[in-house]
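# Examining the three-dimensional arrangement
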Amino acid sequence: MAAALGITGDGGHYNGRITLLVVLSCVVAASGGLIFGYDLGVSGGVTSMDPFLKKFFPNVYRRMKEDTKLSNYCKFNSQLLTLFTSSLYISGLISSFFASPVTRAFGRRASMFVAGVAVLTGSALGGAASNVYMLVFGRIFLGIGLGFGNQSIPLYISEMALPKYRGAMTIIFDSGVGFGVLIANIINYFTEKIEGGWGWRISLSLAAVPASILTLGAIILPETPNSLIQNTNNREKARRVLQRMRGTSNVQAELDDLIKAGSISKTINHPFKNIMERKYRPQLIMAAAIPFFAQMTGINVITFYAPILFRTIGLHESSSLLSAVVIRSFSASCIVISMFAVDRYGRRVLFMIGGILMLATQITIGGLLTALLGDHGGLSKASAFSVLVLICIYVCGFGLSWGPLGWLIPSEIYPLEIRSTGQSITVAVSFFFCFLVGQTFLAMLCGMKSGIFFFFGAWVAIMTAFVYLFLPETKNVPIEKMEKVWREHWFWSRIVGDQVDEELYKLDN
């Protein structure tokens, strides 16, 4: 499928090529990203549909249609409406901590299977909902699925991938997120036109399609060699899987590194306690900082509420849904670009480009809305089009940087002994701030009005500076040799250098 190539790490020479098994594994696993993206996109779309609002949130519908004195920025401010959106993220937050021991003890595929079954249950409840309680329970099951899936799938992909192509292959997950949101917006656009007002049921039910793919994939795909060594110590089985993955029988160098990492992981009995040790300080900080900053870009404001935002500035129902489709088309295209650029130009370059684009557009959008949109009325067609273009540039910046890299960086920086735990922290922090932003955004929009774009713009400036100063480059570094990037970094070497060297010395002897 591709020419053979050698991968050189700090600790040896890895042989291999891109095989059909690796591609299939990554694509099937990335259907979990499709689930995440679809759930993000579909909720914002159905909450802008009149029949859905009339059935489940009549107070919001009444304010939107009848209260001409209420500010544009406050028409959708409802705690019940935000509970529908945000209940998914609080359940995802809680379930991610249960996912960590499952992933560590039973392997990545077990968590992927739980994720698929939970999403199938949640989509059935959502599509059949007759009251708000069924809707919320459906979202809770979706959150359980996303908690298990987001914890295990990026690990699965990063452990299956060749070091040289790990960035591109892991970004397949975020490509799934981007295309999931796009597909959800397209489906919402067409289901909104169904006569009888039941189109939202189709929108909520179709999450079952990628969930079925993930569930089937979790049954038929192999476990990663890293997980086999960590859980069973069956080196011969791990060797056979590694040979199938790499398309060559000469995998001894890579297997030796996996065995070495597995030996360290077996000395760890309390990973949540061990991750607090000084030698893991960089990974712990990144485990929390990367997902926190990814949420503080403001992207979920656009993803959750893009149709509502466009209705706020005066567009009609169908126009707002179509605008959301256009936005996500740009986002998905830029994620694909990042897939080809990340292993060539590196992670830090994409972070800088994305940060500049997002900061410039958020400040400009905030300025336009401050100048042109008051509490009543709407924008002219030309002004609304300008806002749409700027938001497209903004999501493109996110699609190049924090979107895919917010999943890639955490999945590749943890040593095996704390990998599952570190990923759980990343997922939990991500869900917590998804929940916080989702639960507070409509109230913030009502209180801050257009100033909300300046708020998130300030955070983009802070996170771009953080990456420039504290995040080392990780491209082409084998996942089990990642400790070297911290030892060579100007800041982190002062914290972990001696301890990592001592650990490696003991292991080699």
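Here, the structure is the one placed above.
Reading guide: rules and limits
Residues numbered from 1 in each chain as written. Predicted model: local features only at pLDDT ≥ 70, side-chain atom pairs only at ≥ 80, totals over all residues. Heavy atoms only, no water. Helix = DSSP H or I, 4+ residues; strand = E, 2+ residues; numbered from the N terminus. Buried < 20%, exposed > 50% of the residue type's maximum accessible area, 1.4 Å probe, protein only. Contact = heavy atoms within 4.5 Å. Areas by Shrake-Rupley, 256 points an atom, 1.4 Å probe, with all protein chains shown as cover. Disulfide = S-S within 2.5 Å. Phe/Tyr/Trp six-rings, centres within 6.5 Å; stacked < 30°, edge-to-face > 60°. 1 Å grid on protein atoms, 1.4 Å probe; cavity = no way out; pocket = protein on both sides within 12 Å on 5 of 7 lines; lining within 4 Å. Points joined across faces, edges and corners; volume = space filled by probe spheres on them. Nonpolar A, V, L, I, M, F, W, Y, C, P; charged D, E, K, R; others polar. Expected span 1.5 Å × (residues − 1). Arc of directions from axis to C-beta. Axes fitted to C-alpha atoms, helices over the stretch in contact; angles between N-to-C directions. Parallel < 35°, antiparallel > 145°, perpendicular 65-115°, else oblique. Left-handed = near helix turned anticlockwise from the far one by under 90°. Patch = residues over 30% accessible without salt bridge, like charges linked within 9 Å, V, L, I, M, F, W, Y side chains within 5 Å. Salt bridge = Lys/Arg side-chain N within 4 Å of Asp/Glu carboxyl O. Polar contact = N/O pair within 3.5 Å; in protein donor to acceptor, adjacent residues only side chain to side chain.

## What about the overall build of the protein?
When helices and strands are tallied, the protein shows 24 helices and 2 strands. Residues counted as buried form 61% of the 509 residues belonging to the protein. When contacts within the protein are restricted to residue pairs at least 6 apart in sequence, long-range pairs at least 24 apart make up 80% of them. Total accessible area on the protein is roughly 18,600 Å²; 65% of this is exposed by carbon and sulfur atoms.

## Regarding the state of the cysteines
With the rule as written, the count across this model stands at 1 disulfide. There is a disulfide in this structure between Cys334 and Cys396, and the S-S distance comes to 1.7 Å. One disulfide, between Cys334 and Cys396, carries an S-S torsion of -70° and so falls in the left-handed class. With Cys334 in helix α17 (residues 317–345) and Cys396 in helix α19 (residues 381–400), the pair connects residues that are 62 residues apart, well separated along the chain. Among the cysteines around Cys392, which has no disulfide bond, Cys396 carries the closest sulfur, lying 8.9 Å off.

## A closer look at the environment of Gly44
With respect to the helices and strands, the residue Gly44 is situated in helix α2 (residues 31–46). You can call Gly44 buried: its relative accessible area is 1%.

## A few points about the side chain of Thr103
Within the secondary structure, Thr103 sits in helix α5 (residues 79–106). Not counting the four nearest positions on each side in its chain, Thr103 is found in contact with Arg108, Ser111, Gln151, Ser152, Leu155, Asn231 and Ser420.

## Concerning the packing of aromatic side chains
Under the criterion given, the structure shown has 24 aromatic pairs. Aromatic pair Tyr189 and Phe190: ring centres 5.2 Å apart, planes at 80°, arrangement edge-to-face.

## Some points on empty space enclosed by the protein
According to the stated counting rule, one finds 8 cavities of 30 Å³ or more in the structure shown. Computed from the structure, the largest cavity encloses a volume of approximately 250 Å³. In this structure, the largest cavity is lined by 23 residues; those nearest its centre are Asp174, Gln295, Phe398, Gly403 and Trp407. Where the lining of the largest cavity is concerned, the elements lending two or more residues are α2, α8 (166–191), α15 (281–296), α16 (299–312), α17, α20 (402–413) and α21 (416–448). Partitioning the lining of the largest cavity into residue classes produces 12 nonpolar, 9 polar and 2 charged.

## As for helix α12 (residues 235–246)
The first and last C-alpha atoms of α12 sit 16 Å apart over 12 residues, in line with the 16 Å expected at 1.5 Å per residue. Among the residues making up α12, those that are buried are Ala238, Val241, Leu242, Met245 and Arg246. Buried residues along α12 cover an arc of 125° about the axis, so they all sit on one side. One or two positions beyond α12, positive phi appears at Gly247, with a value near 70°.

## Details of the packing of helix α18 (residues 347–372) against helix α22 (residues 451–470)
Remark: α18 packs on α22, axes separated minimally by 8 Å, with the N-to-C direction vectors making an angle of 165°. Considering the angle they form, α18 stands roughly antiparallel to α22. Note on packing geometry: the crossing formed by α18 with α22 is left-handed. In the contact of α18 with α22, the residues fall into 14 nonpolar, 7 polar and 1 charged.

## Some thoughts on a nonpolar patch on the surface
Taken together, the side chains of Phe113, Val114, Val117, Leu216, Ile219 and Ile220 present a nonpolar region at the surface, about 520 Å² in accessible area. For the nonpolar patch, the secondary structure elements donating two or more residues are α6 (108–127) and α10 (208–220). Within the secondary structure layout, Leu216 lies in helix α10.

## Some details on the side chain of Ser420
Relative to the helices and strands, Ser420 is located in helix α21. The residues contacting Ser420, other than those within four sequence positions of it, are Ser100, Thr103, Arg104, Gln151 and Leu155.

## Regarding the pattern of salt bridges
If you walk through the whole model with that rule in mind, you get 8 salt bridges. Arg108 serves as the salt-bridge partner of Glu159, at 2.8 Å between the closest nitrogen and oxygen. Highlighted residues: Glu159 in helix α7 (residues 132–160) and Arg108 in helix α6, separated in sequence by 51 residues. One salt bridge connects Arg246 with Glu254, and the closest N-O pair in it is separated by 2.9 Å. Classification of Arg246 as buried rests on a relative accessible area of 1%. By relative accessible area, which is 8% here, Glu254 ends up buried. If you follow the salt bridges from partner to partner, you end up with Arg166, Asp343, Arg347 and Glu412 in one network.

## Structural notes on unusual backbone geometry
Positive phi values are uncommon outside glycine, yet Asn476 reaches one of about 65°. Take Asn476: it is sitting in the loop between α22 and α23 (483–487). A relative accessible area of 32% means that Asn476 is categorised as partly exposed.

## Quick look at α22
With 20 residues, α22 extends 29 Å from end C-alpha to end C-alpha; this agrees with the ideal 28 Å at 1.5 Å per step. Listing the buried residues of α22 in full gives Ile452, Phe453, Phe456, Gly457, Val460, Met463, Thr464, Phe466 and Val467.

## A closer look at the environment of Gln252
With respect to the helices, strands and loops of the structure, Gln252 is situated in helix α13 (residues 252–265). With 238 residues separating them along the chain, Gln252 and Tyr14 place their C-alpha atoms 8.2 Å apart. At 2.7 Å, the side chain of Gln252 forms a polar contact with the side chain of Asp256.

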